[in-house]
Amino acid sequence: MLTFTVRRLLYGVLLLFVIVTLAYLLLYAAAGNVGRTILGPTATQATVTLKNQQLGLNSPLISRYFSWLGHALSGNFGSSWFTNQPVSTAIVTRLQVTLTLVFGAVIVSAVLSAVLGVWAALRGGWVDRIIQVFSVLGFAVPGFLIAVFLVRIFALQLHWFKPTGYVQMTYYFGGWVRTVTLPVIALSIGLVAGVAQQVRSSVIDALRQDWVRTLRSRGISERSVLFKHVLRNAGGPALSVLALSFVGLLGGAVIIEQVFGIPGLGQVAVLATSEGDVPLVMGLVVAIGVIVILVNLTIDLLQGFLNPKARIS
Amino acid sequence: MSEAAVTGVLAPDVTSEIRAARSHLARRFLKNPLGIAALSVLVLIVLAAICAPLLTSYNPNGVSVLSILQGPGAGHLLGTDGAGRDVWSRLLFGGRYTLAGALLATVVAAVLGIAGGLVAGYYGKWFESAASWVTTLLMALPGIVVLLAARAVLGPSLWTVMIIFGVLLVPAFYRLVYAAVSGVRNELFVDAARVSGVSDLRIITRHILTVVRAPIILQASIVFGIAIAVQVGLDFLGFGDQSIPTWGNMLNDGFTNLYRDPQLVVWPGLAVVITGVALTLFANALRDELEQSARPRRRRAAVVMAAAARAAGPVRPENDTVVHEEASSSAPAPLLLHIEGLAVGYPQADGSVTRVVDNVSLDIRRGEVHGLVGESGSGKTQTAWSVLRLLPAGGEILEGSILLDGEDLSRVDSAKMREIRGGRIAYIPQEPMSNLDPSFTIGTQLTEPMRTKLGVSKTEAKARALKLLGQVGIPNPERTFASYPHELSGGMAQRVLIAGAVSCEPDLVIADEPTTALDVTIQAEILDLLRELQRELGVTILIVTHNFGVVADLCDRVSVMQKGRIVETGSTRSLFADPQHPYTRSLFDAILDESPARGSYAEVRS
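Scoring rules and cut-offs
- Residues numbered from 1 in each chain as written.
- Chains lettered and ligands numbered in written order.
- Predicted model: local features only at pLDDT ≥ 70, side-chain atom pairs only at ≥ 80, totals over all residues.
- Helix = DSSP H or I, 4+ residues; strand = E, 2+ residues; numbered from the N terminus.
- Buried ≥ 20, exposed ≤ 12 C-beta atoms within 10 Å, placed from the backbone.
- Contact = placed C-beta atoms within 7 Å.
- Expected span 1.5 Å × (residues − 1).
- Arc of directions from axis to C-beta.
- Pairing = 2+ DSSP bridges.
- Axes fitted to C-alpha atoms, helices over the stretch in contact; angles between N-to-C directions.
- Core = buried A, V, L, I, M, F, W, Y, C linked by C-beta atoms within 7 Å.
- Parallel < 35°, antiparallel > 145°, perpendicular 65-115°, else oblique.
- Left-handed = near helix turned anticlockwise from the far one by under 90°.
- Nonpolar A, V, L, I, M, F, W, Y, C, P; charged D, E, K, R; others polar.
- Domains from an automatic or database assignment.

Asker: Hey, could you run me through the overall build of chain B in this one?
Answerer: Regarding its fold elements, chain B presents 25 helices and eleven strands. Across the 606 residues in chain B, those meeting the buried criterion constitute 47%. Summarising the internal contacts of chain B: among those between residues at least 6 apart in sequence, 71% fall at separations of at least 24.

Right, here's the structure in full:
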């Protein structure tokens with residue numbers, strides 16, 4: 001199990017390295033005249049040249065890359081070109097907000113999909129059909145449209161929640177709940193639709209297995225058959241779908257944060273990419289890469305826990 | 001489609017069904033009402049976009065300061081937007097750009113993914129590892145962030161953004177095609193084609209592409225939906241090319257005017273939702289049909305069963321079972337199980353009930369080994385399952401009683417039945433490998449019933465389990481206890497299942513063809529084990545089999561089943577010596593024809 005973990009981790013680090021390298025080279029190669037971009041068209045050629053010099057853009061791309069990589073490994077990702085704020089500060093404060101939303105959505109979706117999927121699989125009939133319709137809608141309707149709809153009803157008309165903004169959980173818990181509920185729902189719906197379907201079909205599949213009859217023949221309680229044995233076997237495929245969706249969820253958060261005006265990574269991403277703030281974009285690439293790798297590692301370990309066969313490979 | 005829907009989600013599902021896809025799929029799909037409705041809606045949307053100039057006279061970009069935010073009606077069918085542009089016209093022309101953009105992304109993803117999958121799957125080697133690396137890489141990238149970065153560098157062009165997104169979606173097709181091709185690569189029909197000198201290109205197009213055609217269409221419709229969602233999302237954020245009408249740009253305009261005219265969000269929103277739902281339903285219908293055609297065997301089995309039941313014709317009400325009288329002078333042991341007039345049926349879609357067991361009466365005496373013999377489909381397994389009350393979904397006991405020590409199992413409630421199962425009646429299945437839960441160790445599966453049934457502690461249960469494993473002839477009980485089912489051989493697994501069956505000291509063990517799935521040498525060992533256990537524990541065994549050799553080896557008494565009825569019953573010795581019923585005789589003839597080396601019953605038994 002340990003070698004398995006270490007191998008997955010090394011693989012993840014290698015993947016991160018490739019992504020970061022490609023991103024760095026592509027972004028800087030395409031960045032054009034950075035000094036001109038920062039200072040605007042009215043600046044004189046002399047100040048532009050000076051700016052480029054200050055930013056160290058005169059040395060060759062490769063040597064700049066290695067110096068960046070060296071600093072990055074010690075936690076220094078440089079500063080924003082426009083605000084001079086250190087990249088790590090800009091990202092870390094926003095990262096918690098986005099992670100709150102994304103993990104909130106993952107937890108809500110995991111619980112809801114398990115309940116709905118099992119329910120649909122066991123009850124069949126109208127329960128199943130309603131959940132199917134819900135799944136189609138949840139899958140087909142983009143999250144931000146759901147977000148706009150939720151804002152209109154629950155924030156603007158009923159005033160249950162805040163339409164925009166974000167309150168720190170530690171600062172005022174009630175305010176936090178009122179700001180994160182709608183974004184988390186908007187993020188979760190598409191995910192629930194996909195994962196619940198997967199849970200449903202793998203539960204139905206597992207219930208058809210021979211070993212279910214044998215377990216029942218041993219007189220084990222139906223609850224244990226269902227929640228201990230069937231659900232554990234059905235969990236693997238559902239977890240894969242959840243894992244694959246995670247990357248998409250990060251992307252979805254970018255749009256949802258815009259709709260709700262939440263100061264998360266999405267806002268940084270939008271700002272940094274529209275201004276062409278390359279150091280900040282690189283910081284984002286690293287942050288998202290690390291998250292994705294950690295999540296994939298966690299999922300791999302969970303898969304190994306659920307499915308003994310996965311542990312060998 | 002939601003942002004959370006990602007590349008490749010579908011691949012594992014679909015690949016298993018790929019092989020069954022054939023051209024008749026299209027014909028069947030056309031009979032699926034939901035699929036047809038979805039397809040028609042999609043065609044309508046595409047036609048509306050293509051014929052946009054015929055359906056409106058307004059310029060979609062015609063700004064008019066004089067007619068800002070007009071309501072529907074009066075000249076403008078759906079009113080005007082924040083810049084005075086005609087909403088209906090923008091919706092139609094917007095469809096052109098939105099759909100064409102999504103199509104571009106889909107085509108890029110499909111062409112690269114299919115080509116890559118074919119090459120990697122068919123030729124393998126270094127390209128295979130390189131390609132799988134690239135797909136992992138692509139799947140770790142959050143699409144929206146990459147697109148935002150690309151836009152920052154390359155400017156806001158719908159086409160560039162969609163081409164890049166297409167590249168990001170390549171894994172969706174690559175994984176699908178790769179899995180299918182590497183599965184098919186070594187199939188006999190491909191080898192045959194290769195041997196007969198057919199070129200690789202021809203093999204790929206003729207034999208391999210046809211297999212993945214339908215799943216590719218399915219995947220394409222999903223990718224198309226995701227591309228629309230992402231494109232609309234970017235435009236909605238204001239990152240698109242504002243100079244062209246797209247549904248996303250309309251949503252962006254509507255969102256800024258959300259308080260002044262909420263309708264402006266509704267129309268493009270509806271267009272996106274309807275297109276998305278239609279695509280999803282189309283994909284679902286296609287997948288349903290694919291799954292249907294991948295599962296013909298199960299349906300055929302049901303049809304065969306129903307046909308066999310029909311062939312049995314009207315069941316004779318009188319019980320004309322041939323009964324061999326007891327030869328021995330000693331008084332027979334008391335009855336443990338007494339089945340009287342049992343009928344089992346499966347309700348059909350048309351309201352009728354297919355009877356698979358009819359008017360079966362069976363007596364099993366305490367301490368005996370009773371064989372239930374008959375060919376496949378004769379209803380012997382159904383009878384066994386009804387005693388356990390574990391009939392497959394839909395099956396029910398229609399008539400009769402199953403008395404275990406005088407208690408009618410067909411009438412006790414499910415809680416009571418659960419108590420009886422495992423505790424008084426145990427079950428040994430036919431196929432050992434599929435009857436152990438793959439996710440739990442042998443130890444857990446052995447101790448769980450003992451802890452619930454006998455109420456023993458965890459350590460006590462473990463001690464008992466280890467002893468049982470030793471008893472059933474497992475060489476290293478400790479190791480097997482900690483093993484997972486996939487680490488065992490078939491014979492070992494069957495021993496574990498036998499240990500599980502006797503673990504709670506049942507009175508009756510029902511063994512459903514316990515040796516059929518095993519190698520011949522293992523079969524003999526398992527039969528020896530059953531005989532030994534029976535002698536040691538004094539347990540009663542009902543053994544379901546189609547093999548008279550097993551009966552001769554093991555059984556004291558035997559009942560022969562045909563078409564859901566018992567036709568002959570009696571002691572093994574007298575039934576073997578003097579089979580009365582023509583069906584029993586034909587069974588014996590069949591065996592003797594096939595294996596004359598078996599010798600007579602007396603020789604085997606002595």
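Asker: For this particular structure, what's the right way to read the overall build of chain A?
Answerer: When helices and strands are counted, chain A shows twelve helices and zero strands. Reading chain A from its N terminus to its C terminus gives the helix and strand order α-α-α-α-α-α-α-α-α-α-α-α. With respect to the three principal axes, the spread of C-alpha positions in chain A is 85 × 55 × 35 Å. Here chain A, with 313 residues, has 42% of them falling under the buried criterion. Within chain A, counting contacts between residues at least 6 apart in sequence, those at least 24 apart form 73% of the total.

Asker: So what exactly am I meant to see when it comes to helix α18 (residues 458-471) of chain B here?
Answerer: For an α-helix, the turn length of 3.6 residues means that residues three or four places apart are oriented alike. Residues and elements named next belong to chain B. Over its 14 residues, α18 runs 20 Å from end to end, which matches the ideal 20 Å to within 8%, given 1.5 Å per residue. All buried positions along α18 are accounted for by Ala461, Ala465, Leu468 and Leu469. The arc that holds every buried residue of α18, seen down its axis, measures 100 degrees, which confines them to one face. Exposed residues on α18 whose side chains face more than 90 degrees from its buried face are Thr459 and Lys467. In the core, the buried residues of α18 are packed alongside α17 (442-453), α19 (477-482) and α20 (490-502).

Asker: Can you walk me through the sheet that holds strand β4 (residues 369-373) of chain B in this structure?
Answerer: In a beta sheet, neighbouring strands pair by backbone hydrogen bonds and run either parallel or antiparallel. Residue and element names in this part refer to chain B. Spatially, the seven strands line up as an open sheet ordered β1-β11-β10-β4-β9-β8-β7, and their pairing is mixed. A single partner strand is all that each edge strand has here, and the edge strands are β1 (322-323) and β7 (425-428). Two elements, β4 and strand β9 (residues 540-545), share five bridges in a ladder whose sense is parallel. The partner of Leu372 across the bridge, within β9, is Val544. Seen against the sheet, α20 touches β7 and β8 (508-512) and runs at an angle of roughly 175 degrees to β7.

Asker: Can you walk me through the nonpolar core in this structure?
Answerer: Considering soluble globular proteins, one finds that nonpolar side chains tend to be buried as a cluster. Counting residues in each nonpolar core, the largest one holds 166 residues, and the members touching the most others are Ala147 and Leu284 of chain A together with Phe173, Val177 and Ala227 of chain B. Grouped together as the second largest cluster of nonpolar side chains are 75 residues, Ile364, Leu388, Leu436 and Phe576 of chain B included.

Asker: What's the story with unusual backbone geometry in this structure? I'm lost.
Answerer: For residues besides glycine, phi is generally negative; the peptide bonds are generally trans as well. Positive phi, close to 60 degrees, is recorded for His159 of chain A, a residue that is not glycine. For His159 of chain A, a count of 10 C-beta atoms within 10 Å translates into the label exposed. The residue Lys563 of chain B is not glycine, and still its phi comes out positive at about 45 degrees. Along the chain, the position of Lys563 of chain B falls in the loop between β10 (557-562) and β11 (565-571). Looking at Lys563 of chain B, the number of C-beta atoms within 10 Å reads 21, which means it is buried.

Asker: Any chance you could explain the packing of helix α3 (residues 33-50) of chain B against helix α5 (residues 87-123) of chain B here in plain terms?
Answerer: Two quantities define a packed helix pair, namely the angle between the helix axes and the distance between the axes. Residues and elements named next belong to chain B. Two elements in contact, α3 and α5, have axes separated by 7 Å at closest approach and are oriented at 110 degrees. Our classification of the angle between α3 and α5 gives roughly perpendicular. In the packing of α3 onto α5, the handedness of the crossing is left-handed. Where α3 abuts α5, its residues Ile45, Val46, Ala48 and Ala49 lie against Leu92, Gly95, Arg96 and Leu99. Looking at the contact of α3 with α5 residue by residue, the class counts come to six nonpolar, one polar and one charged.

Asker: Got a minute to help me understand the domain arrangement of chain B in this structure?
Answerer: Accessible area lost on assembly of the parts is the figure often given for the size of an interface. Domains assigned within chain B are domain 1 (22-44 + 92-294) and domain 2 (436-505). Distance between the C-alpha centres of domain 1 of chain B and domain 2 of chain B: 49 Å.

Asker: Mind showing me how you'd approach the pairing of β11 of chain B here?
Answerer: For a regular strand, side-chain orientation follows a simple rule: the groups alternate between the two sheet faces. Residues and elements named next belong to chain B. Among the seven residues in β11, six count as buried, and that is most of the element. Of the strand pairs in this sheet, β10 and β11 are connected by six bridges, and their pairing is antiparallel. Across the sheet, Met561 pairs through a bridge with Ile566, a residue of β11. In this structure, the hairpin formed by β10 and β11 is closed by a connection of two residues, where Lys563 is found at a positive phi of approximately 45 degrees.

Asker: Even after reading the chapter, I still don't get the sheet that holds strand β3 (residues 353-365) of chain B, so can you show me in this structure?
Answerer: Residues and elements named next belong to chain B. An order of β3-β2-β5-β6 is seen for the four strands of this open sheet, with the pairing classed as antiparallel. One side of each edge strand has no neighbouring strand; the edge strands of this open sheet are β3 and β6 (407-408). Where strand β2 (residues 335-347) meets strand β5 (residues 396-404), seven bridges bridge the pair, whose relative direction is antiparallel. The residue of β5 that forms the bridge with Leu337 is Leu404. Against the sheet, helix α15 (residues 380-388) touches β2, β3 and β5, its axis set at about 110 degrees to β2.

Asker: What's the story with the interface of chain A and chain B in this structure? I'm lost.
Answerer: Facing 61 residues of chain A, the contacting portion of chain B comprises 62 residues. Listing elements by their share of the side of chain A that touches chain B, those giving two or more residues are α1 (2-30), α6 (125-140), α7 (143-157), α8 (173-207), α9 (210-217), α10 (222-260), α11 (265-275) and α12 (278-306) of chain A. In terms of residue class, the side of chain A that touches chain B is built from 35 nonpolar, 20 polar and six charged.

Asker: Sorry if this is basic, but what is going on with α1 of chain A here?
Answerer: Along its 29 residues, α1 of chain A runs 42 Å from first to last C-alpha, staying within 8% of the 42 Å computed at 1.5 Å per residue. Along α1 of chain A, the positions that sit buried rather than exposed are Gly12, Ile19, Ala23 and Tyr24 of chain A. Check the buried side of α1 of chain A and you find it contacts α4 (61-73) and α12 of chain A together with α6 (125-139) of chain B. A positive phi of about 70 degrees marks Gly32 of chain A, the residue just after α1 of chain A.

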